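One-letter residues, chain by chain:
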Amino acid sequence: MKTESRKDKLQRMLRMMILIRRLEEKSAELYSATKIRGFLHLYNGEEGVAVGVMETLTPEDAVVATYREHGQALAKGIGAGAIMAEMFGKQEGCSRGRGGSMHLFDAATRFYGGNAIVGGGLPLSVGLALADKMQGKSRVTCCFFGDGAVAEGEFHESMNLASLWKLPVLFLCENNLYAMGTSIRYTQAVQELAAKGAGYGVPSAAVDGMDILAVEEAARIAAEHVRGGNGPYFLECRTYRLRPHSMFDTEQYRTRDEVEEWKKRDPIDLFIQRIKDEGIWDEAEYVAMESDVAEEIKAAVAFAEAGTMEPVEDLTRFVYAEGGRP
Amino acid sequence: MAVMNMVQAINSALALEMALDDRVLLLGEDVGRDGGVFRVSEGLLERFGAERVIDTPLSESAIVGAAIGMAAYGLRPVAEIQFMGFTYAAMDQLFTHAARLRSRSRGRFTSPLVVRTPYGGGIKAPELHEESSEAIFCHMPGIKVVVPSGPYCAKGLLTAAIRDPDPVLFLEPTRLYRLIKEEVPESDYLVPMGKARVARQGGSVTVVSWGSMLDTVLKAVEGRDAEVIDLLTLSPFDVETVLASVARTGRVVIVHEAVLSCGLGAEIAATIAEEGILHLRAPIIRVAAPDVTMPMPRLEGRYLPDAARIGRAVDQLLEY
């Protein structure tokens, strides 16, 4: 097997970050144009987390995500077209147009969903991991959730169960400092979230989520621990959401200056600088990459536009199994 | 009088009750510094301080549980849950404690609290953000369920709910938050709980509805001799007003946007059948959503009862 060069690897990771960013920008535009309906929560600023973590997972590993999951979905391998069509509510979407932005699901890439309920994915990931363990499969279930979820009872119940039963769950907290519209300083008694693992006997670490390579390194340690049958691991990635919580958020809870300050640590900019520092930056290739990504987004939108609406007769389908056992 | 939408009317009720009664306080996700997800509590933190307008973590069970504790000690907490779909995380506390503290202690402890939550569809949001599951809560003895259909009754009912000695689930029709504007007194007033409102008088058919469906029902019956009853309180509902109307019209349509099976319409229909069947000149018709999860926005219009469907049901009875 040919090993990937350092330059190729970093370029591939950068391309995925840029693909996520451009998909989000396009989604915002299409939401304003009412092509996308439902709610829309964008991932801008947090791309380094999904892409860095996904580097350490295999196609067999499962991912459980939140309602801000376009990035994880792309990085796990769901096509931009299937995601865009889903947001358009078209049958060609990965959830056949019924999930929308918040509920992307894809069995082929083992993507077990966005989830509109904060913390709702954590118990599910415990179940996936328990099933894997019972079947003797050495797969990792990586469960993404935000700092807000750490306040929900489900976080604590799931951490305890996974530790008690030594389950292969990678608890991946994307701490973007805001539980919707309230700062972590008003919602968490202990703001160093990684410290919470100790109470459950779960090894834990915190990492700068704006530094994709640091995320990758920390996630690799975590994933190897989990894959080795040592039970769960809790990794806190400290990041920042550069856009509002959703498209309806007037952002009364934070200042423009704060957002501008964080933009200086945009994970894509930081990564580009890092590649330049390593002396393997190629401007022409970067320009080509951007245009290639633009084509991919354009194709995704065209795919979504050309998609078909669910027939009205199907409104009442898929509530129960059809024709006996599924 | 001032012209207000429902958001302003609810904000006005909260502000007045907080000013009149030191025991009244708010708690919930984003209610303080951010002013609430739909801006209902805007300006209240600045006016009443962080001890009475409490920003909480995302902990729905603890929000309602803490409200129960405060209420048991004599405070009057008003908890906000951001969407009805998120109340499911708090149902344990609501059902196992709020609903039965009075009964369990034979009246020695009570939980006079209000849980406010936006509910219902028509805002192009996906499933859990458009829930209309009022019947589940009506089924639990010990909780009162209230739902206004416009700004005037929203303010008066919320005031009544806050002053009520028992736990009240106060449902706010999300679609109507800014859609309807009407004259609302600036001072405090009560719209009594447990009492339905005749929203339109008529003699040939009674349409019973509430909350988010009411404006659609009123449009649907235009040009027809229909009486429209706005229930306002769903549990316990005003049997007397419903039966009195049925006694005059002999025909009933019940309209709700919640799914059909075991919806509140079934309880109302059963009550009419038990207590007023001799007045009926036609079968009772329910117009409701099909028994499926609220679909994505593209099929939303097919899911929610619309004026055409309601109008057809009314005509069907008139021609019976």
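As the structure is a prediction and not an experimental result, all values here were calculated from the model. (Residues numbered from 1 in each chain as written. Chains lettered and ligands numbered in written order. Predicted model: local features only at pLDDT ≥ 70, side-chain atom pairs only at ≥ 80, totals over all residues. Heavy atoms only, no water.)

Enquirer: So what about the packing of aromatic side chains? Which residues, and what values?
Expert: For any two aromatic rings, the description comes down to two numbers: the centre-to-centre distance and the angle of the planes. Applying the stated rule across the entire model yields 16 aromatic pairs over all chains. Aromatic side chains A:Phe39 and B:Phe83 sit 5.9 Å apart centroid to centroid with 55° between the ring planes, which places their arrangement in the tilted category. Taken as a pair, A:Phe39 in the loop between helix 1 (6-32) and helix 2 (47-54) and B:Phe83 in the loop between strand 4 (76-80) and helix 4 (91-98) lie in two separate chains rather than in one. Like A:Phe39, the residue B:Phe83 is buried in the burial classification. The interplanar angle of 75° and the centroid separation of 6.4 Å between the aromatic rings of A:Tyr178 and A:Tyr240 together place this pair among those described as edge-to-face. Taken together, the positions of A:Tyr178 in strand 4 (residues 178-179) and A:Tyr240 in the loop between strand 7 (233-238) and helix 8 (256-263) put the pair 62 residues apart, joining distant regions of the chain. In terms of burial, A:Tyr178 and A:Tyr240 fall into one category: buried. Members of the aromatic cluster, each reached through a chain of ring pairs, are A:Tyr31, A:Phe39, A:Phe248, B:Phe38, B:Phe83, B:Phe86 and B:Tyr177. Here the guanidinium or amino end of A:Arg254 rests over the ring plane of A:Tyr178, the centre of that ring lying 5.8 Å away. We note B:Arg33 situated over the ring of A:Tyr186; from NZ or CZ to the ring centre the distance is 3.3 Å. (Phe/Tyr/Trp six-rings, centres within 6.5 Å; stacked < 30°, edge-to-face > 60°. Helix = DSSP H or I, 4+ residues; strand = E, 2+ residues; numbered from the N terminus. Buried < 20%, exposed > 50% of the residue type's maximum accessible area, 1.4 Å probe, protein only. Lys NZ or Arg CZ within 6 Å of the ring centre and 35° of its normal.)

Enquirer: So what's going on with the side chain of B:Arg76? Residues and values would help.
Expert: You can see B:Arg76 is positioned in strand 4. Side-chain polar atoms of B:Arg76 contact the backbone oxygen of B:Arg163, separated by 3.5 Å. (Polar contact = N/O pair within 3.5 Å; in protein donor to acceptor, adjacent residues only side chain to side chain.)

Enquirer: So what about the interface of chain B and chain A? Which residues, and what values?
Expert: The interface is formed by 32 residues belonging to chain B together with 35 residues belonging to chain A. Carbon and sulfur atoms make up 66% of the area that chain B and chain A hide from each other, which totals about 2,900 Å². Among the residues of chain B in contact with chain A, B:Leu58, B:Met296 and B:Arg298 are the three that bury the most area, contributing 26% of the side total. At the junction of chain B with chain A, the criterion picks out 0 salt bridges. There are 5 residue pairs in polar contact (both at pLDDT 80 or more) connecting chain B and chain A. (Contact = heavy atoms within 4.5 Å. Buried area = accessible area lost by both parts, 1.4 Å probe. Salt bridge = Lys/Arg side-chain N within 4 Å of Asp/Glu carboxyl O.)

Enquirer: Break down the nonpolar core for me, citing the residues and quoting the values.
Expert: In this structure, A:Met84, A:Phe145, A:Leu170 and B:Leu231 are the most contacted members of the largest nonpolar core, which totals 180 residues. Take this core: its biggest share by element is 11 residues, from helix 1 of chain A. Two domains each put at least three residues into this core: domain 1 (2-184) and domain 2 (197-318) of chain B. With residues near it in sequence (within four places) discarded, A:Phe145 still touches A:Thr66, A:Leu122, A:Val150, A:Phe155, A:Phe171, A:Leu172, A:Cys173, A:Glu174 and A:Phe234. B:Ala220, B:Ala226, B:Val253 and B:Ala282 belong to the second-largest nonpolar core, a separate cluster that totals 18 residues. (Core = buried A, V, L, I, M, F, W, Y, C linked by side-chain atoms within 4.5 Å. Domains from an automatic or database assignment.)

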